[in-house]
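Residue-level structure breakdown
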Amino acid sequence: MSLPIDKQTLTKYDVAGPRYTSYPTAPEWSKEIRVQTYIDKLKDFGQNDKTLSLYIHIPFCESLCYFCACNKVIRANEESVGDEFLTHLFKEMEMVAAHIGPRKMIRQLHWGGGTPTYLSEAQIQRLFAKIQSLFDVDFDGEIAIEVDPRTVPYNKLKLLRDIGFNRISLGVQDFDDKVMDDINRIQPFSQVKQITEWCRELQYASINFDVVYGLPYQTSETFKKTIDAVISLLPDRIAMYSFAYVPWLSKPQNKFNLEAIALHEEKLDIFIQSRNNLLEHGYQAIAMDHFALKTDGMAKAFNEGCLHRNFMGYTLKPADEFIGLGPSAIGFVENTYIQNVKVLPEYYALLSENTLPVERGKILTQDDRIRQWVINHLMCQFEVDKDEFFKTFGFEFEDYFMEESSHLRNCVEDGLIREDYKAIKVTDLGRIFVRNVCMGFDWYLRQKDGHKRFSRTV
Ligand SMILES: C[S@@+](CC[C@H](N)C(=O)[O-])C[C@H]1O[C@@H](n2cnc3c(N)ncnc32)[C@H](O)[C@@H]1O
Ligand code: SF4
């Protein structure tokens, strides 16, 4: 299905904008949030029978990919690095569990990074055992891990499957030699193919590939070959991320030759061509930048309007509350965002003093929660049902969002949404620019020129 995108629409909407993995977005969180606030929220959580999503951030990677904007620490692979990390992580986990009190059921567990498989097999076993000593793990839930195909041998994949991981995500990025060379990531197709086959043999319920469009030296031709190669391996899910060029945050990105980076129209061409290619080969577009085989649970959940989203990405089985452990990890407990310190020595130092390593956070106001609800519905279901809004919050949608009416009119005129008295529905074109539709509901963005701190929306 080809999409009618004219230059005017593109120029208008290809502005810097948040990805809305949270609302309010992280720049609005405050360092004023004290450790005590987190402790109080954990205690509140202990008083009810809500379930838990647990994210663990393992920051190490063996080598640096120059494009990467994740929170990572580059270290040669040594057992002692992981051991020192686990000592502190375990302390954090014990403190969090003690503040909660009663044992909680983990419905969704996600190890991300960095590269979680930096840990040795013995360390992986110790970490999983530690989690089970403090929490109950629902093995029918989503137990997922991010894996770097360059550094994971068969035995480690088998161990992960044996202890209960059922979802795996491979950082593929691209298959083109020049592109990969420029981002300092040598990772031949044969290696990814081998890992994918092993994952199938081990019966992981779902295999995801991360690919990134807009990297230096990518062109429509090279990325078409990459997507063809991805399709040949038939991963259940594909996250196709827009390259976040944020050199003020990720210094190694300054190494890139600016002229080699596709911008605006060219980048959008790459995206649309890839999207069409995937749609023609049995994938369904899920929300913004995710694709899933039509047979995959994610596609079904999306079609049934029951897909959810949090920092770990899209999920079918959301838990009630969300805790993040490890440097930079984010949680959302009892209506409060909490983020840990990002710098590893700081994380270690605070835990050595028996202090939870909180850096910043945000207690949501009622207006925040209302806008969060709308943005989540737009991002996950591409639809806001005005009746449901009324039933949830007791306000008429039109009354509450009077100031947003001109933004919505613009979006209708540009073909991004359709609106009637019952609902707002995001069109096919609007799905590409859904971040821009959401930006109109972002109260904080409107208060100031906040665009500069984000990567571009396309
Ligand atoms: C933690 S990594 C994945 C696991 C593992 N470290 C690896 O690279 O294989 C998370 C993903 O974030 C994406 N990512 C990192 N930096 C990005 C950037 N600047 N723009 C867009 N996506 C990015 C990549 O696709 C990467 O696979
Ligand atoms: S892309 Fe993955 S392996 Fe590369 S630096 Fe980032 S987190 Fe590490």
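None of these values were measured; they are calculated from a predicted model.

1. Points about unusual backbone geometry
Pro24 follows Tyr23 through a cis peptide bond whose omega is -5°. For Glu334, which is not glycine, the phi torsion reads 45° and is therefore positive. Along the chain, the position of Glu334 falls in the loop between strand 14 (330–333) and strand 15 (336–340). Residue classification places Glu334 among the buried residues on the basis of a relative accessible area of 18%.

2. A few points about the site of ligand 1
Lining the immediate environment of ligand 1, one finds 21 residues, of which Phe67, Gln173, Arg185, Asp210 and Ala244 sit closest. Between a nitrogen atom of ligand 1 and a main-chain N or O atom of Gly114, the distance comes to 3.0 Å. Relative to its unbound accessible surface of 570 Å², ligand 1 loses 91% to contact with the protein. For the shell around ligand 1, the secondary-structure elements that each account for two or more residues are strand 5 (136–147), strand 6 (167–173), strand 7 (206–213) and strand 8 (237–242). When grouped by side-chain class, the residues that make up the shell around ligand 1 number ten nonpolar, seven polar and four charged.

3. Observations concerning the sheet that holds strand 19 (residues 423–426)
In spatial order, the strands read 17-19-18; together these three strands make up an open sheet with antiparallel pairing. Single-partner strands in this sheet number two, and they are strand 17 (383–385) and strand 18 (417–419). For this sheet the average axis-to-axis angle between neighbouring strands, irrespective of direction, equals 10°. As judged from the three bridges shared by strand 18 and strand 19, these two strands associate in the antiparallel manner.

4. Looking at the packing of aromatic side chains
Scanning all chains against the criterion turns up 29 aromatic pairs. Here Trp443 and Tyr444 contribute two aromatic rings whose centre-to-centre distance is 5.0 Å and whose plane-to-plane angle is 90°, an arrangement assigned as edge-to-face. Looking at Tyr444, the relative accessible area reads 11%, which means it is buried. Members of the aromatic cluster, each reached through a chain of ring pairs, are Trp373, Phe389, Phe393, Phe395, Phe397, Tyr400, Phe401 and Phe441. When the ring centre of Tyr217 is taken as reference, the NZ or CZ atom of Lys178 above it lies at 4.2 Å.

5. Overview of the environment of Ile231
Following the sequence through the fold, Ile231 ends up in helix 8 (residues 220–233). For Ile231 and Val15, which are 216 residues apart along the polypeptide, the C-alpha to C-alpha distance reads 30 Å. Beyond its immediate chain neighbours, meaning those up to four positions away, Ile231 contacts Asn277, Leu278, His281 and Tyr283.

6. A look at the domain arrangement of the protein chain
Along its sequence, the protein chain is organised into domain 1 (1–24 + 366–458) and domain 2 (28–322). On a C-alpha basis, the centres of domain 1 and domain 2 stand 26 Å from each other.

7. Overview of the packing of helix 3 (residues 79–100) against helix 4 (residues 121–134)
Relative to each other, helix 3 and helix 4 sit at 5°, their axes nearing to 11 Å. Considering the angle they form, helix 3 stands roughly parallel to helix 4. Listed contacts from helix 4 to Glu79, Gly82, Asp83, Leu86, Leu89, Phe90, Met93, Glu94 and Ala97 of helix 3 are Ala122, Gln123, Arg126, Leu127, Lys130, Ile131 and Leu134. A breakdown of the residues in the contact of helix 3 with helix 4 according to their chemical character gives nine nonpolar, two polar and five charged.

8. Some remarks on helix 11 (residues 344–352)
Taken together, the buried positions of helix 11 are occupied by Leu344, Tyr347, Tyr348 and Leu351. Each buried residue of helix 11 sits inside an arc of 95° when the element is viewed along its axis, so together they form one side. As for helix 11, its buried residues are in contact with strand 2 (60–61), strand 3 (73–74), helix 3 and strand 15. Looking one or two places after helix 11, you find Asn354, whose phi comes out positive at around 60°.

What counts, and at which threshold
Residues numbered from 1 in each chain as written. Chains lettered and ligands numbered in written order. Predicted model: local features only at pLDDT ≥ 70, side-chain atom pairs only at ≥ 80, totals over all residues. Heavy atoms only, no water. Helix = DSSP H or I, 4+ residues; strand = E, 2+ residues; numbered from the N terminus. Buried < 20%, exposed > 50% of the residue type's maximum accessible area, 1.4 Å probe, protein only. Near = heavy atom within 4 Å. Polar contact = N/O pair within 3.5 Å; in protein donor to acceptor, adjacent residues only side chain to side chain. Areas by Shrake-Rupley, 256 points an atom, 1.4 Å probe, with all protein chains shown as cover. Nonpolar A, V, L, I, M, F, W, Y, C, P; charged D, E, K, R; others polar. Pairing = 2+ DSSP bridges. Axes fitted to C-alpha atoms, helices over the stretch in contact; angles between N-to-C directions. Phe/Tyr/Trp six-rings, centres within 6.5 Å; stacked < 30°, edge-to-face > 60°. Lys NZ or Arg CZ within 6 Å of the ring centre and 35° of its normal. Contact = heavy atoms within 4.5 Å. Domains from an automatic or database assignment. Parallel < 35°, antiparallel > 145°, perpendicular 65-115°, else oblique. Arc of directions from axis to C-beta.

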